[in-house]
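Listed below are the residues making up each chain.
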Amino acid sequence: MNKTTISLITLLAVGGTAAVGGNLYADSQLKRFYQPNPAYKQFKIQTQQYHMGVMDGQVNWTADWIADLCAPDQAPAFKLRGEDHIRRTLGGYQIQSKIYLVSKDKPDGIFLFNSHSDVSWGGTIHNTTTLPANQYQDTANQFSASWQEASIKMTLQRKQERFDVDTVEFSLPQLKLQSNSNFPLTMQLDKLNYQSNIALGNSQLRSGEDKLSLENLSINSSDKWNLKLHKLNNHAQQTINEQSVDLSNQLNIESIDVLNQPFTRIQYQVQAKALSKAAFEQFSTLIQRQAQECVDQQTLENEFKKIAQSALSQGINVDANSQLYLNNSTLNAQVNAKLPAGEYPINGKPETLIHEIQNKLQYQSEVKVDKDFIRQIIGISQQFSGQTKHQLSAEDEHN
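Residues numbered from 1 in each chain as written. Predicted model: local features only at pLDDT ≥ 70, side-chain atom pairs only at ≥ 80, totals over all residues. Heavy atoms only, no water.

Our focus in this paragraph is helix 3 (residues 297-314). Relative to the 26 Å expected for 18 residues at 1.5 Å per residue, helix 3 spans 26 Å between its end C-alpha atoms, a close match to the ideal helical length. Within helix 3, the full set of buried residues consists of Leu 300, Glu 303, Ile 307, Gln 309, Ser 310 and Leu 312. On the buried face of helix 3, the contacting elements are strand 15 (261-276), helix 2 (277-292), strand 16 (316-326), strand 17 (329-339) and helix 4 (350-360). One side-chain oxygen at the N-terminal end of helix 3 lies 3.2 Å from the backbone nitrogen of Gln 298; it belongs to Asp 296. The positive-phi residue at the C-terminal boundary of helix 3 is Gly 315, with phi of around 85 degrees. (Helix = DSSP H or I, 4+ residues; strand = E, 2+ residues; numbered from the N terminus. Expected span 1.5 Å × (residues − 1). Buried < 20%, exposed > 50% of the residue type's maximum accessible area, 1.4 Å probe, protein only. Contact = heavy atoms within 4.5 Å. Polar contact = N/O pair within 3.5 Å; in protein donor to acceptor, adjacent residues only side chain to side chain.)

Running from N to C, helix 2 and helix 3 point in directions that differ by 160 degrees, and their axes come no closer than 7 Å. In terms of axis orientation, helix 2 runs roughly antiparallel to helix 3. Remark: the crossing between helix 2 and helix 3 carries left-handed chirality. Of helix 3, the residues touching helix 2 (which contributes Lys 277, Ala 278, Ala 279, Gln 282, Phe 283, Leu 286, Arg 289 and Gln 290) are Thr 299, Leu 300, Glu 303, Phe 304, Lys 306, Ile 307, Ser 310, Ala 311 and Gln 314. For the contact of helix 2 with helix 3, a count of residues per class yields 8 nonpolar, 5 polar and 4 charged. (Axes fitted to C-alpha atoms, helices over the stretch in contact; angles between N-to-C directions. Parallel < 35°, antiparallel > 145°, perpendicular 65-115°, else oblique. Left-handed = near helix turned anticlockwise from the far one by under 90°. Nonpolar A, V, L, I, M, F, W, Y, C, P; charged D, E, K, R; others polar.)

Moving on, we get to the pattern of salt bridges. Within this structure, the stated rule accounts for 10 salt bridges. Across the pair Glu 303 and Arg 289 runs a salt bridge, and its minimum N-O distance is 3.7 Å. In this pair, Glu 303 sits in helix 3 while Arg 289 sits in helix 2, placing the two residues 14 residues apart along the sequence. Residue Arg 289 is classed as partly exposed on the basis of its relative accessible area of 28%. Note that Asp 372 and Arg 375 form a salt bridge whose closest N and O atoms lie 3.7 Å from each other. With a gap of 3 residues between them, Asp 372 and Arg 375 both fall in helix 5 (residues 371-398), about one helical turn apart. (Salt bridge = Lys/Arg side-chain N within 4 Å of Asp/Glu carboxyl O.)

Bringing the nonpolar core into the picture now. Formed by 22 residues in total, the largest nonpolar core has its most connected members in Trp 61, Ile 86 and Leu 156. Mapped onto this core, the elements with two or more residues apiece are strand 1 (43-52), strand 2 (56-66), strand 3 (77-88), strand 4 (92-102), strand 5 (110-120), strand 9 (150-159) and strand 10 (162-179). The greatest single-element share of this core, amounting to 4 residues, is contributed by strand 4. Leu 192, Ile 256, Leu 326 and Phe 373 belong to the second-largest nonpolar core, a separate cluster that totals 20 residues. (Core = buried A, V, L, I, M, F, W, Y, C linked by side-chain atoms within 4.5 Å.)

The structure is reproduced here in structure tokens:
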């Protein structure tokens, strides 16, 4: 199972657990809330066993995830199995769940996650899903992976048949990957954390922020090529105004070592103000629509053209600043890019649109760099080039 598949299954299982838990909200006839939700047709739930007493109960369910509603019989699909233990409280329900991935050769499923949900009578869901610490080995491909217990926390609010995501938190204390194939490589990641209260696809846009932090990242190969990153912090903000949206992002990295050469105090800031609010709303609506019905390729292209037209008609203004230190030498760059509001040939040929944007784009930049910085960059490039040639020669001799 590749990393992309594992990541997708992780998101599906978390979302599915929250959706099932949310269906319990404020109704004595609990069973009917374990039925498919028309707002999430990609996620089809079926109940295998249902028992609810006065204060507690158990529900076993399966859920099929249909990746493409336009080709439900041909699109890749995942089947999940859940065992829910439910307890009534004065404020709602508490649900302890175990989630499994079902396959043809393992119909009982492979255990994936533990999940705990607190569901209030008012429709608020507090969900915590944990991936237990474990390790994986693929002897045939000489690959291994190990990780410490990871968790995803979500808070959702019921909005009629939908659930708006209020907050998301993800935490991965450590991940180790090792490959001993043709290109031996090891990677270690420490203390990855992510927090957000912004979610496209909600019932309405809202102001909020994203925060991402990473303590350490190291990548090493057998030919002594290495990269080390220390203390990355990224902070993004979204401000919703009456007719526009303002975005900002600030990235700070304490140090990056490439081939044992340290780059320190890396800073990058970018701001985009007075962007089209209509474009963001159209994109969010499209996300909701894709979860409910088939949106074919032609319709999808037309919708993206409408979104692009809304964005361009209001204009785009972006300011960026960056700073980088290398052994006390510095590089500073400032950029402003502005695309005036107006009508653009969205429905014409792509090259016509690109030509129009190029003609109207107003661009200003200023770069200040020490001569010593340039000399050191050239030295690093030569060092990397030399190692690459050495690696290619070694491979030729091996072959």
